[in-house]
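Listed below, chain by chain, are the residues.
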Amino acid sequence: MKFKILTLFPEMYPGPIKYSIIGKALSKKIFSIETINIRKFSKLKSKSVDDKPFGGGAGMIIKPDILQSALDSIKRSKNSKIIYFSPRGKLLKQACSKDLIKYDELILICGRYEGIDERFLIHNNIQELSVGDYVLSGGEIASFILIDTCVRLIPEVLGNRNSLEFESFERHLLEYPQYTKPFEWNKIKVPDVLISGNHSKISKWREKKSIEKTKKTRPDLWKLYKSNEREKK
């Protein structure tokens, strides 16, 4: 899988992507990243890429012609998708990441300032994605999140498929609590059921705890879980 990133700050990469499990996958070339410096496509001596918004208002907008030149410089795969990170985009969820790994190539547009010219998005039929209901200084941090969520779904990356099966958001439930040694820490003991050796009871306990956690902290997911369970019946 390839990630091609349009950014004003190519020096930010690979950043956190080069560490841990995702970093190992990168070194093994299970996936690749390529940065395209948007500023290189400015024809101005100053290499400026932005201008004031029509209609007035705060901030500056990245120009569509410069972005288009940067995008056109990419040799694109037939099975590719273009994404622009924006707070107004569709919220990135686990199901979305599962859909995205079906593509051979993701082209990620990282905005800055007050955003980018709307015409660039329309002309290229670009999907907008948000990584949460908050505002970041630019799309680069969001791109790290998207790359991580996608790469860890590639079969060769995690190795143990069970790691994915029981993660948060599978079946619309949050993950159950986890414990390890020592058995007692700060006068808090590991639940007895987890050392019982009874895998049926452990499974039921984990399911119960997942349901309790989801119901308490994510009512939106809890509704989806209940709806899904009703459909099964």
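**Some thoughts on helix α2 (residues 64–72)**
Stage number 1. For α2, the complete set of buried residues consists of Ile66, Leu67, Gln68, Ala70 and Leu71.
Stage number 2. Residues of α2 that are buried sit in contact with β1 (2–7), β2 (32–37), β4 (61–62), β5 (80–91), β6 (105–109) and α4 (118–124).

**Description of the pattern of salt bridges**
Stage number 1. Inspection of the entire model under this criterion finds 8 salt bridges.
Stage number 2. Arg88 is the salt-bridge partner of Glu128, the closest N and O atoms lying 2.7 Å from each other. With a gap of 40 residues between them, Glu128 in strand β7 (residues 127–130) and Arg88 in strand β5 connect regions that are remote in the sequence.
Stage number 3. Exposure remark for Arg88: the relative accessible area of 52% places this residue in the exposed category.
Stage number 4. Between Arg119 and Asp117 there is a salt bridge, with the nearest N and O atoms lying 2.6 Å from each other.
Stage number 5. We classify Arg119 as exposed; its relative accessible area is 52%.
Stage number 6. Linked by salt bridges that have partners in common, Arg88, Glu118 and Glu128 make up one network.

**Some remarks on unusual backbone geometry**
Keep in mind that most residues, glycine aside, have a negative phi and that most peptide bonds are trans.
Stage number 1. Between Tyr13 and Pro14 the backbone carries a cis peptide bond, its omega angle lying at 5°.
Stage number 2. Within the fold, Pro14 resides in the loop between β1 and α1 (20–27).
Stage number 3. Each neighbour pair has its own omega, and for Lys181 with Pro182 the value is 5°, a cis peptide bond.
Stage number 4. Summarising the element assignment, Pro182 is placed in the loop between α7 (162–165) and β8 (184–185).
Stage number 5. Positive phi outside glycine occurs at Asn186, with the angle close to 50°.
Stage number 6. Position of Asn186 among the secondary structure elements: in the loop between β8 and β9 (188–189).
Stage number 7. Classification of Asn186 as exposed rests on a relative accessible area of 56%.
Stage number 8. The backbone of Lys187 sits at a positive phi, close to 65°, despite the residue not being glycine.
Stage number 9. Mapped onto the elements, Lys187 comes out in the loop between β8 and β9.
Stage number 10. The class for Lys187 is exposed, based on a relative accessible area of 78%.

How each quantity is defined
- Residues numbered from 1 in each chain as written.
- Predicted model: local features only at pLDDT ≥ 70, side-chain atom pairs only at ≥ 80, totals over all residues.
- Heavy atoms only, no water.
- Buried < 20%, exposed > 50% of the residue type's maximum accessible area, 1.4 Å probe, protein only.
- Helix = DSSP H or I, 4+ residues; strand = E, 2+ residues; numbered from the N terminus.
- Contact = heavy atoms within 4.5 Å.
- Salt bridge = Lys/Arg side-chain N within 4 Å of Asp/Glu carboxyl O.

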